[in-house]
Structure formats: structure tokens, C-alpha cells
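So the chains spell out like this:
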Amino acid sequence: MQELKIFEEKQIRTVWDEVQEKWYFCVPDIISVLTDSVDVRQYIKRLRQRDPELNSVWGTICTPVVMLAPDGKRRKSQAADLEGVFRIIQSIPSPKAEPFKQWMAMVASQRIDQMQDPELSIQQAIADYTRLGYSEKWINQRIRSIE
């Protein structure tokens, strides 16, 4: 199940893996939010060069996960679970890192709450779609299609 999470008005694609019961976060989206980099791929390349330890475990931390791309097509994107994201964040010199860690902890807590009470998921989806500017009619149709 893919969802968009919002951090400081920017979207971060996430996928819930029901088998492993983990959230996977899109690594390029996270790096874009933390660094405001124009070329995220180059930033990742330089990040891995600067941190040989991170580079040695990159394949373990990052997993290709199919996500909906901004253009509407489904593509594989580098994704990491919470532990992997925290490791990547350690290597990014950004003042946004600590607020981002707190935000991720909040997202994980909300997901646990939603697993216990599915109605919370619906309420969160409505709030997110409203914040993104979708019409009430569109939101109602989307919620019905999910049900």
C-alpha cells in the first residue's frame, strides 16, 4: 500500500510492506527534502563517496521498491526502512535532520495506531488529500474506491 507523507509541504513516497510489516521510504524524496538538492542522483553519488562505510552497506540499506512516480507511472525507486533512513540521515549534514527524525517517529506511531483502528487511516487520507488541494468530490470518490 503506497501513501504520500508530507514533511514541510513536500511529498515523500512511502510503501507499507505487509509481509515484513515495515514502512519503506523513498530515499531520493528524503534526500531532496533534507538537502534541497537540484540533482538528487548526484548528491547520492557524492554522499556515498564521502562515507565509505555507508557505501559498503548501501545495497543492504536501500531496496528497489515499485512506487508511483510523480509522472503517474509505476517505477522502481530506492527505498529504505526506518533503520536505513536513520543511517542515511546520519551522513547528511543538514539542519533539517533532527526535525525529520521526529517526523518519521510520528509517522511510524500513526501507522501503528492505524493498524489498531482502520478508521484513522481513512481520516488521515481525507486530511492529506484536502491539504494537497483535491476537491471534496474527488476525495469522496477516492475513499469509496479504497473501501
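J.: What exactly am I supposed to notice about the confidence of the model for the protein here?
T.: If pLDDT is low for a region, its predicted coordinates should not be looked at in detail. Put simply, the protein has an average pLDDT of 83, and 93% of its residues get 70 or more. Mean pLDDT values over the elements of the protein span from 55, in strand β1 (residues 2–7), up to 94, in helix α3 (residues 52–61).

J.: How should the pairing of strand β4 (residues 63–68) be read in this particular structure?
T.: Taken residue by residue, a regular strand's side chains alternate between the two faces of the sheet. Relative to strand β5 (residues 74–80), β4 runs antiparallel, the two sharing six bridges. Residue pairing in the sheet places Met67 in a bridge with Arg75 of β5.

J.: Explanation requested: the pairing of strand β2 (residues 10–17) in the structure shown.
T.: Note that β2 and strand β3 (residues 22–26) share four bridges and pair antiparallel. Its bridge partner being in β3, Trp16 is matched across the sheet by Trp23.

J.: What is the right way to look at the packing of aromatic side chains in this model?
T.: How two aromatic rings sit relative to each other is set out by the distance from centre to centre and by the angle between their planes. Evaluation of the coordinates by the stated rule reveals four aromatic pairs. A centroid spacing of 5.5 Å and a plane angle of 90° characterise the contact between Tyr129 and Tyr134, whose relative ring orientation is edge-to-face. Both rings, one in Tyr129 and one in Trp138, keep their centres 5.0 Å apart while their planes meet at 80°; by these two values the pair is edge-to-face. Residue class for Tyr129 comes out buried when judged on its relative accessible area of 17%. Residue Trp138 is classed as partly exposed on the basis of its relative accessible area of 31%. In this structure an aromatic cluster arises from ring pairing among Tyr129, Tyr134 and Trp138. Just above the ring of Tyr43 sits the side chain of Arg50; from NZ or CZ to the centre is 5.5 Å.

J.: How should I be thinking about the nonpolar core in this particular structure?
T.: With 27 residues, the main nonpolar core has Phe25, Val27, Ile31, Val85, Ile88 and Phe100 as its most contacted residues. Those elements that provide at least two residues to this core are β2, β3, α1 (27–35), α2 (40–50), α3, α4 (82–90) and α5 (97–116). Ignoring anything within four residues of it in the chain, the contact list for Val85 reads Phe25, Ile30, Ala80, Phe100 and Met104.

J.: It is not clear to me how the pattern of salt bridges should be interpreted in this structure. Could you clarify?
T.: Should their charged atoms come close, side chains of opposite charge can pair. As enumerated under the stated definition, the model contains four salt bridges in all. In this structure, the salt-bridge partner of Arg13 is Asp29, at a minimum N-O distance of 2.9 Å. A residue pair is termed long-range when its members are at least 10 positions apart, and Arg13 in strand β2 and Asp29 in helix α1 qualify at 16 residues. On the basis of relative accessible area, Arg13 is assigned to the buried category, the value being 11%. Asp71 is the salt-bridge partner of Arg75, the closest N and O atoms lying 2.8 Å from each other. Its relative accessible area of 39% is what places Arg75 among the partly exposed residues. Look at Asp71 and you get partly exposed, because its relative accessible area is 47%.

J.: What is the right way to look at the side chain of Asp29 in this model?
T.: A relative accessible area of 13% means that Asp29 is categorised as buried. Not counting chain neighbours up to four residues away, the residues in contact with Asp29 comprise Gln11, Ile12 and Arg13.

Calculation rules
- Residues numbered from 1 in each chain as written.
- Predicted model: local features only at pLDDT ≥ 70, side-chain atom pairs only at ≥ 80, totals over all residues.
- Heavy atoms only, no water.
- pLDDT = per-residue confidence, 0-100.
- Helix = DSSP H or I, 4+ residues; strand = E, 2+ residues; numbered from the N terminus.
- Pairing = 2+ DSSP bridges.
- Phe/Tyr/Trp six-rings, centres within 6.5 Å; stacked < 30°, edge-to-face > 60°.
- Buried < 20%, exposed > 50% of the residue type's maximum accessible area, 1.4 Å probe, protein only.
- Lys NZ or Arg CZ within 6 Å of the ring centre and 35° of its normal.
- Core = buried A, V, L, I, M, F, W, Y, C linked by side-chain atoms within 4.5 Å.
- Contact = heavy atoms within 4.5 Å.
- Salt bridge = Lys/Arg side-chain N within 4 Å of Asp/Glu carboxyl O.

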